[in-house]
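# Chain and residue survey
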Amino acid sequence: MIKKIGRFIIGLKFAIILFILIAIYSIIGTVIPQGATKEFYLHNYESFGNIILLLQFNKVYSSFIYRTLLLLFIVNITGCTIKLLPSQIARLKDDYFPAPGKSAENLWDEKYDTEEFKNILEKKGFKIYKSENGYKAAKNRIGVLGSSITHLGIIIIILGSFIGNLFAYEGYINLLPGESTAFVEQGFILKLDDFYLGFREDGSTEQYYSELKIIEEGKEVEAKKIWVNNPLKYKGINFYQSSFGWVSELTIKDSEGNIIEKASLKNNEYHFYQPKHLTVYLYGYYPDFAIDHEGQPVTITQQKKHPHYAVILYEFNNYVDSFITSPGQPIYYEDLEITFEDSSLYTGLTYRRDFGYYFVLIGCLFMFVGLLLSFYLYPRFVIVGDKTILPVTKQNIWGYTMQLKNLLSSTSKQ
Amino acid sequence: MSLVYFEELFFTLAFIIYIIASIGFFVFLVSSKEKVGKFSVTASTIGFVIHTIAMILRIIESGRLPFSNQFEFANSFTWAIVLCYLVIHYIYKFTAVGGFVMPLAFLMMGYASMLPKTIKPLMPALQSRWLTIHVGTAIISYGSFAVATGLSLMYLINERHKVKDKKISHLPDAEVCDYLSYRVTAFGYLMLTLVIVTGAIWAKKAWSRYWGWDPKETWSLITWIIYSTYLHLRFNRGWKGKTAAWFSIIGFLCVIFTFIGVNVLLPGLHSYR
Ligand code: HEM
């Protein structure tokens, strides 16, 4: 009984079942939005909401169920590989020769010269063995390991990425030119010297550039201009150009023109002015302002051609009014004068350290080499005897038979 | 007259020729007139040459490979489908294969023709030499899968007629379709593996992580799993014939969903429309 279960766990049937389950589960993860709040599912999916939460369809790829499936898959594929490996290794040796299959086509014809055929086979890299009434030939014995090498690659990928994720270290920072952030544990400081966009002639954005500096113990140790697809790497941490935005300066003055409040706001940020219970909401800064066909403010390019702000005021959380203003143009509210100006760009950097990547690369290499062996360098055998020429191979008997026919026809005596 | 004019002209010409070839193949299949078959193959070849010229014009005009929006992808896929078909045709000389592959090509081109064709410069995320390798392997992989599906369809039709005991003389043996479909699938699978691997390497450079369950990533994994299942059952359980043919068709539907469905229904980082 236990033996039977064991055999099932490392068998092909179980592998296929796991394949299908993993596929179905993955599909669900692409259909149901991932990582939202509980209320979201309960509200949007009604009675299905509970099922979604119970079966963890809200976070498929990090769920217990998914990990269990992957773990079972690892057990299955490892077991299967270990089971097959000894017999595969035995097939690498010269004394192994498979028996021809029942359906193997006899290619023999008296017009063929089998001695000549032997020479051609030898030239093609076959190894020739004498037999009682003829000879046998074998090529690409190594190909038998293809499936095991592929499996090993997959095991390395899954385990490597899993362990890598456990130790991965990542985050996101916004920096204005001149600002810096400390990576205390690693003992260095990352400083943004400058951030700017590159434009094409038509005004569209061509690229985002952050000029970064690494400072260690007060000394600059590395400087690099990064952009999308070109990260900076330092001490195993990669820094990526991943987004950008605008910060704008808010000034609130009283009726005599004295500055009573100053703040820097990004788009979609609030500033609360306590004495008047006034909330100033910067809906957006539009460097190249326009109104789209739905009546919404948009920016055509990221160049400061026609800058405007969209601002909304609230008092005690009640909507007061909304405004479109240009830089420095005041909004009057009671006896206050509110202005936005001096917008500047900030950069958004993602950083990540993940050694799992190197395992994944090695695993991919194994997988690819394994597949090449399996599909194109599979073992080929020929058994030539008295009035028989039998092709023997497991992978691609049809194509291989064709190849041999071609070789044979070049030895034709007529 | 400008390059754009000729480019569009050649695209339209290629499209029309592909339709004519498809119709020709259909006539060939029902009438089995050798001449019609030959004509259709020639038409496909000429269409392909014209299509290639159109692509080259677009490359000259934009100064980069045609890999930057859904129109260009669909167009490149069409091109690769016809390329793979012609390669298989000129090796094995099975005229009938075209009857099942060329319609796929013209459908894909029809889809392309409905999309906006404007040439836009590459967005920052796509400015990388990985674009060429990643999308290049993708179109070859999908082209092979399309041909494999055509072969599987042919197998199924062949089988049906065999049962009725009137084998269609101009279709290659069912057995041969079955094997060839398998070999072509294996090649497409190897390429798909490369697409995913190069995608992961690129994603590491562009998006900081090599795998992030973006819908396109997930669906390419699902496609890969389906073809893995096919290859395992075929190799270890001797699955052949009908079941294998249906499996190959399901695999291709999955490919199409990954390509079109994901962009339309499940947009993520990967949808460049
Ligand atoms: C693990 C990572 C990735 C995987 C598994 C992956 C997978 C795929 C697959 C299967 C295709 C085939 C075409 C299709 O079905 O639409 C494809 C196409 C494409 N990929 Fe990726 N990819 C990855 C990362 C990336 C990255 C990082 C970029 C660019 C920043 C990228 C850009 C493209 C483009 C432009 C296409 C062609 C057009 C299309 O969307 O269909 N891919 N990718």
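Residues numbered from 1 in each chain as written. Chains lettered and ligands numbered in written order. Predicted model: local features only at pLDDT ≥ 70, side-chain atom pairs only at ≥ 80, totals over all residues. Heavy atoms only, no water.

### Notes on the overall build of chain B
Counting its secondary structure elements, chain B contains eight helices and zero strands. What you see in chain B, going N to C, is helices and strands ordered as α-α-α-α-α-α-α-α. Counting only C-alpha atoms and orienting by the principal axes, one finds that chain B spans roughly 60 × 55 × 30 Å. Counting the 273 residues in chain B, one finds 62% classified as buried. Considering only contacts in chain B between residues 6 or more positions apart, those separated by 24 or more positions represent 78%. Averaged over its 24 positive side-chain charges, chain B has a centre that lies 2 Å from the centre of its 12 negative ones. (Helix = DSSP H or I, 4+ residues; strand = E, 2+ residues; numbered from the N terminus. Buried < 20%, exposed > 50% of the residue type's maximum accessible area, 1.4 Å probe, protein only. Contact = heavy atoms within 4.5 Å. Lys, Arg positive; Asp, Glu negative; His and termini not counted. Charge placed at Lys NZ, Arg CZ, Asp CG, Glu CD.)

### Section: the overall build of chain A
Assigned secondary structure in chain A consists of nine helices and 20 strands. Computed over its C-alpha atoms, the radius of gyration of chain A comes to 35 Å, more than 25% above the 22 Å expected for a compact globule of 414 residues. Expressed along its principal axes, the backbone C-alpha trace of chain A runs to roughly 115 × 55 × 55 Å. For chain A, restricting intrachain contacts to residue pairs at least 6 apart in sequence, the fraction spanning at least 24 positions comes to 56%. Surface accessibility of chain A: about 22300 Å² in total, with carbon and sulfur atoms responsible for 58%. Computed over 41 positive and 42 negative side-chain charges, the separation of the two mean positions in chain A equals 21 Å. (Rg over C-alpha atoms; globule rule 2.2 N^0.38 Å. Areas by Shrake-Rupley, 256 points an atom, 1.4 Å probe, with all protein chains shown as cover.)

### Re the interface of chain A and chain B
Tallying the contact residues gives 47 residues for chain A and 44 residues for chain B. Sorting the residues of chain A by area buried against chain B places Asn229, Phe375 and Trp398 of chain A first, and these three jointly supply 18% of that buried surface. Counting the contacts that link chain A with chain B gives zero salt bridges. Linking chain A with chain B are 11 residue pairs in polar contact (both at pLDDT 80 or more). Broken down by secondary-structure element, the contributors of at least two residues to the side of chain A that touches chain B are helix H2 (12-31), helix H7 (146-167), strand S6 (205-216), strand S9 (237-253), strand S18 (336-353), helix H8 (356-376) and helix H9 (397-409) of chain A. Top element by residues in the side of chain A that touches chain B is H8 of chain A. It accounts for 11 residues. (Buried area = accessible area lost by both parts, 1.4 Å probe. Salt bridge = Lys/Arg side-chain N within 4 Å of Asp/Glu carboxyl O. Polar contact = N/O pair within 3.5 Å; in protein donor to acceptor, adjacent residues only side chain to side chain.)

### Observations regarding the domain arrangement of chain A
Splitting chain A by domain gives domain 1 (2-87), domain 2 (91-140 + 379-409), domain 3 (170-245 + 349-356) and domain 4 (247-345). For domain 2 of chain A versus domain 3 of chain A, the separation of C-alpha centres amounts to 61 Å. (Domains from an automatic or database assignment.)

### Topic: the environment of Ser374 of chain A
All names here are of chain A. Following the sequence through the fold, Ser374 ends up in helix H8. Taking the relative accessible area as the measure of exposure, Ser374 reaches 13% and is therefore buried. Separated by 364 residues in sequence, Ser374 and Ile10 have C-alpha atoms that sit 21 Å apart. Apart from the residues lying within four places of it in its own chain, the contact partners of Ser374 are Gly146, Ser147 and Gln395.

### Brief notes about the packing of aromatic side chains
Aromatic ring pairs are defined here through the distance separating the ring centres and the angle between the ring planes. All told, the structure shown has 52 aromatic pairs over all chains when counted by the stated rule. With centroids separated by 6.3 Å and ring planes inclined at 25°, the aromatic side chains of Tyr41 of chain A and Tyr45 of chain A adopt a geometry described as stacked. Exposure remark for Tyr45 of chain A: the relative accessible area of 27% places this residue in the partly exposed category. Aromatic rings pair up to connect Tyr25, Phe57, Tyr61 and Tyr66 of chain A together with Trp211 and Trp213 of chain B into one cluster. Note that Lys225 of chain A overlies the ring of Tyr209 of chain A, its terminal NZ or CZ placed 4.9 Å from the centroid. (Phe/Tyr/Trp six-rings, centres within 6.5 Å; stacked < 30°, edge-to-face > 60°. Lys NZ or Arg CZ within 6 Å of the ring centre and 35° of its normal.)

### With respect to the sheet that holds strand S19 (residues 380-385) of chain A
Residues and elements named next belong to chain A. The antiparallel open sheet is built from four strands, whose spatial order is S1-S2-S19-S20. Either end of the sheet is taken by a strand with one partner, and the two such strands are strand S1 (127-131) and strand S20 (388-392). Along the sheet, successive strands turn relative to each other by an average axial angle of 15°, direction set aside. By the bridge criterion, five bridges tie S19 to S20 in an arrangement that is antiparallel. (Pairing = 2+ DSSP bridges. Axes fitted to C-alpha atoms, helices over the stretch in contact; angles between N-to-C directions.)

### Some points on the pattern of salt bridges
Residues and elements named next belong to chain A. One pass over the full model with this rule turns up 16 salt bridges over all chains. Measuring nitrogen to oxygen at the nearest pair gives 3.6 Å for the salt bridge that ties Glu220 to Lys213. On the basis of relative accessibility, which here comes to 47%, the residue Glu220 falls in the partly exposed class. The salt bridge partner of Asp354 is Arg352, with a shortest N-O separation of 2.9 Å. Via salt bridges that share partners, Lys191, Asp193, Lys213 and Glu220 belong to a single interconnected network.

### Considerations on helix H1 (residues 3-31) of chain B
All names here are of chain B. Spanning 29 residues, H1 covers 41 Å between terminal C-alpha atoms, matching the ideal 42 Å at 1.5 Å per step. Along H1, the positions that sit buried rather than exposed are Glu7, Phe11, Ala14, Ile17, Tyr18, Ala21, Ser22, Gly24, Phe25, Phe28 and Leu29. Close packing links the buried residues of H1 with helix H2 (34-62), helix H3 (70-92) and helix H4 (97-113). Phi turns positive, to about 50°, at Ser32, one or two residues after H1. (Expected span 1.5 Å × (residues − 1).)

### Overview of a positive patch on the surface
All names here are of chain A. Where like charges cluster on the molecular surface, the positive patch consists of Lys3, Lys4, Arg7 and Lys83. For the positive patch, the element with the most residues is helix H1 (residues 2-9), which contributes three residues. Position of Arg7 relative to the elements: it lies in helix H1. (Patch = residues over 30% accessible without salt bridge, like charges linked within 9 Å, V, L, I, M, F, W, Y side chains within 5 Å.)

### Let's talk about the side chain of Thr185 of chain B
All names here are of chain B. Tracing the backbone through its elements, the reader meets Thr185 in helix H6 (residues 174-206). With a relative accessible area of 0%, Thr185 lands in the buried category. A polar atom in the side chain of Thr185 sits 2.7 Å from the backbone oxygen of Ser181. Apart from the residues within four sequence positions on either side, Thr185 is in contact with Phe145, Ala148, Tyr227 and Tyr230.

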